[in-house]
Amino acid sequence: MNSVQPIPVVVLSGFLGSGKTTLLNHLLTHRGGTRIGVVVNDFGSIEIDAMAVAGQVGDSMVSLGGGCLCCAVDGSELDAYLEKLAAPVHRIDVIVIEASGLAEPQEMVRMLVANENPAVRYGGLVQVVDAAEFDATRAAHPETDRHLAVADLVVLNKTDRVDAAERARIEAELAALAAPGTPLVGADHGRIDPELLFDRRPWTETRGQLSFEDLLAEAGEHEDGDHHAAHAHATYESVSFATDQALSPRRFIDFLDRRPAGLYRIKGFVWFGVPGHQERYEVHAVGRFLRFDPGPWGRGEPRRTQLVLIGKGIDGPGLLGALEDCREADPGRAGPESMWGVLRYAPRPVEEAPAEDAPEDPPGGARG
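Residues numbered from 1 in each chain as written. Predicted model: local features only at pLDDT ≥ 70, side-chain atom pairs only at ≥ 80, totals over all residues. Heavy atoms only, no water.

- The name given to the chain in an unreviewed UniProt entry is GTP-binding protein, with the source organism recorded as Streptomyces racemochromogenes.
- If you open the UniProt record of the chain and go to Catalytic activity (unreviewed entry), you find "GTP + H2O = GDP + phosphate + H(+)". (UniProt positions renumbered as here; feature names shortened; annotations may be inferred.)

### Focus: the environment of G19
Phase 1 of the analysis: Turning to its location among the elements, G19 is positioned in the loop between β1 (7-13) and α1 (20-29).
Phase 2 of the analysis: Residue G19 is classed as buried on the basis of its relative accessible area of 12%.
Phase 3 of the analysis: With 171 residues separating them in the primary sequence, G19 and G190 have C-alpha atoms 6.4 Å apart.
Phase 4 of the analysis: Not counting the four nearest positions on each side in its chain, G19 is found in contact with V128 and N157. (Helix = DSSP H or I, 4+ residues; strand = E, 2+ residues; numbered from the N terminus. Buried < 20%, exposed > 50% of the residue type's maximum accessible area, 1.4 Å probe, protein only. Contact = heavy atoms within 4.5 Å.)

### Some words on the packing of aromatic side chains
Phase 1 of the analysis: For the structure on display, the rule yields 6 aromatic pairs.
Phase 2 of the analysis: With 6.2 Å between their ring centres and 55° between their planes, F252 and F272 make a pair best called tilted. Within this pair, whereas F252 is found in helix α10 (residues 249-257), its partner F272 is found in the loop between β9 (263-271) and β10 (280-286), the two being separated by 20 residues in sequence.
Phase 3 of the analysis: With a centroid separation of 6.2 Å and an interplanar angle of 70°, the aromatic rings of F252 and F292 are classed as edge-to-face. One end of the pair, F252, is in helix α10; the other, F292, is in strand β11 (residues 289-295), with 40 residues separating them in the sequence. Note on accessibility: F252 and F292 belong to one class, buried.
Phase 4 of the analysis: Put simply, the rings of F252, F255, F272, Y281 and F292 pair up and form one aromatic cluster.
Phase 5 of the analysis: Stacked on the ring of F269, the Lys or Arg R280 has its end atom at 3.8 Å from the ring centre. (Phe/Tyr/Trp six-rings, centres within 6.5 Å; stacked < 30°, edge-to-face > 60°. Lys NZ or Arg CZ within 6 Å of the ring centre and 35° of its normal.)

### Examining the sheet that holds β9
Phase 1 of the analysis: Reading across from one edge, β8-β12-β9-β10-β11 is the order of the 5 strands in this open sheet, with antiparallel pairing throughout. Sheet topology places β8 (237-243) and β11 at the edges, where each strand pairs with a single neighbour. Direction aside, the axes of adjacent strands within the sheet are offset by 10° on average.
Phase 2 of the analysis: Across the sheet, helix α11 (residues 316-324) lies against β8, β9 and β12 (305-311), angled at about 25° from β8, the strand it touches most. (Pairing = 2+ DSSP bridges. Axes fitted to C-alpha atoms, helices over the stretch in contact; angles between N-to-C directions.)

### Points about unusual backbone geometry
Phase 1 of the analysis: Phi is positive for K158, close to 60°, though the residue is something other than glycine.
Phase 2 of the analysis: Notably, H189 is not glycine yet its phi reads approximately 55°, a positive angle.
Phase 3 of the analysis: Residue placement: H189 occurs in the loop between β7 (184-186) and α8 (212-224).
Phase 4 of the analysis: Judged by its relative accessible area of 47%, H189 is partly exposed.

Put into structure tokens, the structure is as follows:
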């Protein structure tokens, strides 16, 4: 899989004590069969966070100690670590960077977008917020507002430590500080569904001697008690859409631009059928982050669209109806200009569009 598609790199950001390491550990222990590479960026010479997760990722973890990653003169050090993790021998499916609590998320995003390694791609910025210390954090770190403005997904952590009224007040402030439409996920102890950030491979118990992953899964079952009920995914809804009819690129982009804040993730493949653009377009959205990856169809693979939408409090029938309205009866009549909106979020430049019609990419180059 990784030899064909680049590995997504997801950034976990948030101020000291917000719960990033707890969230990362949750992802690692509930990853199924997914192989996660981890870059831990600690501030200071004692890499406490690195030691906290080292036992769960083994050789797939690298650590950037001695300061903030975003303070580097260039991204050469990060590039080297990403190249190491992306090596085919590791068979990594996703890379998670736990940023220093004092890092500048926007600079980290720029470094990842500028990375020229075709084996990796930027996969979104997740900003973790401590509900119990929200006001104190904003007072001590006024840059909080700037960080929230560039997040693709906001996780309000430690919701178990505030009452309903306080949580509602904080959520309203976060909605005002983040970019319009940025999804907000509530969590306690960093428990969010990994499917909101990446695809989980099926976990298959080994025969004979248990692997480390088997032991983690076994321990999780004993700890959780009711294994399924304890999983975060029990609180999310999933909607599937499939059609053999091509989609209108313009109407589909309009659908994505207007997606509700409760829609956390979109994944799948889209067929547009526009002359000159008849590839299979893989779509990946985490919060506001959006990316299309064009690629060839498999031999004998039918031309069709297949999408999965994951969210909370979403109108499933309404979303399906909106996607039905995106279907295009005669895609062959569409001109190349109809693809400009899609290609804006693809890893190749839009050469057909006149300069005045090609909107400037926002920071990160792939935001919805």
